[in-house]
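# Summary of the model geometry
Residue strings, one per chain:
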Amino acid sequence: MSAPDYETSNYEYVNARVRSRRASLFDDDDYRKLVRMGPGEIARFMEESEYETEMNRLGARHDGVDLIEYALNQNLAKHFEDLLRWSEGRLYDYVVRYLRKFDAWNVKTVLRGVYSGADAADVEDDLIRAGEFSEALLGRLVEAESVEDVVAALEGTIFEEPLEAAMEDYESTGLLVPLENAVDRTFYETLIEGLPENPDRPTGLYVQFLRAEIDFRNVRNVLRLARTDTDMDPAEYFIEGGRLFDAEELRQLVDDEAALVERIRDSTYGDDLDEALRVLEEADSLIEFDHALDAALLAYADTLSNRYPLSVCPVLSYVLAKEREVNNIRAVARGREAGLPPEQIRDELVVR
């Protein structure tokens, strides 16, 4: 099938629907309430929110944090299925490409489940059915009994060859990191492959956003390597498609965090990442920086959305915001189950 012409895209209609959906996302007041609730109270709060349908449907099978997590996953998939149902023309193609991130999520979820010996039913409940994988393929993945079986089940997908190439490192280290990294690199590099650069067309805005997300991901990876005592080649973590680094520059900067931070500060993202870099310099842990980086990407997406309201940018911004809401609620539920104080849980959230 030939690619649809971008003029047929229904940006105005879809973005109006997206604005309505964004208005229903949890706000700062909601999170202030949630961090002081127990898991049962959180579940009741969600039953009175837009998660009502999923909570009621799953309530007979699950309870507590399990119920919350499964409801979050199903609700996320429902919202993104709606995006695809609403979108037409090239906009549909953009959304399909971007939602492949959930194919990547599902591959990594199955790999982790097999690696840890998790029950197949639990692995299946953790899947997010918002990508392109068919139910048949997801079924084969869930039935896999080994990492090798998972790779075999992915025959014919974009993940097959990269995972096969990463198997040697997996077998030599006994760690999933090489496989998970291969999945992430494949998603991002395929995401941007074949898209023309044209700042005056919708595709140009899409590419601008994607390159920024790749750059932010590379920043995250290189700073983790800079603070980790490892002999891993930084190029193994490098994702092609961004503007900020090339693989060789990454090799040179990974051993000099001060120079790395200065390079980022002097880049086109200096203003966007200023707060994240301030957090990095003051924090002992990279976790706070990761959260600040997530907030920076959300802010960057919102900036593009406000600047170009009749484009794909508001849709992508909504996808990130909805993902972040789900991750925040999950973090609150897990934190309260573990008995963490509200202030500590609050620090784990990404709220704008």
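Residues numbered from 1 in each chain as written. Predicted model: local features only at pLDDT ≥ 70, side-chain atom pairs only at ≥ 80, totals over all residues. Heavy atoms only, no water.

With that settled, the discussion passes to the environment of Asn15. By secondary structure assignment, the location of Asn15 is in helix α1 (residues 11-23). Spatially, the C-alpha atoms of Asn15 and Asp66 are 33 Å apart, while their sequence positions differ by 51 residues. Look past the residues within four positions of Asn15 in its chain and what remains in contact with it is Pro309, Leu310, Ser311, Pro314 and Val315. Polar side-chain contacts of Asn15 include one of 2.9 Å to the backbone oxygen of Pro309. (Helix = DSSP H or I, 4+ residues; strand = E, 2+ residues; numbered from the N terminus. Contact = heavy atoms within 4.5 Å. Polar contact = N/O pair within 3.5 Å; in protein donor to acceptor, adjacent residues only side chain to side chain.)

Attention now goes to the pattern of salt bridges. All told, the structure shown has 32 salt bridges when counted by the stated rule. Two residues, Arg100 and Glu132, come together in a salt bridge whose shortest N-O distance is 2.7 Å. Linking Arg100 in the loop between α6 (89-99) and α7 (101-116) with Glu132 in the loop between α8 (120-126) and α9 (135-143), this pair joins segments that are 32 residues apart in sequence. Relative accessible area serves as the criterion here: at 46%, Glu132 is assigned to the partly exposed category. Several salt bridges converge on common partners, so that one network encompasses Asp28, Asp29, Arg32 and Arg346. (Salt bridge = Lys/Arg side-chain N within 4 Å of Asp/Glu carboxyl O. Buried < 20%, exposed > 50% of the residue type's maximum accessible area, 1.4 Å probe, protein only.)

This part takes up the side chain of Thr186. Here Thr186 shows up in helix α12 (residues 177-192). Setting aside residues up to four positions removed in sequence, Thr186 forms contacts with Ile158, Phe159 and Pro162.

Together, Tyr115, Leu175, Val177 and Met232 make up an exposed nonpolar region whose accessible area comes to about 330 Å². Inspection of the secondary structure assignment puts Val177 in helix α12. We classify Val177 as partly exposed; its relative accessible area is 33%. (Patch = residues over 30% accessible without salt bridge, like charges linked within 9 Å, V, L, I, M, F, W, Y side chains within 5 Å. Areas by Shrake-Rupley, 256 points an atom, 1.4 Å probe, with all protein chains shown as cover.)

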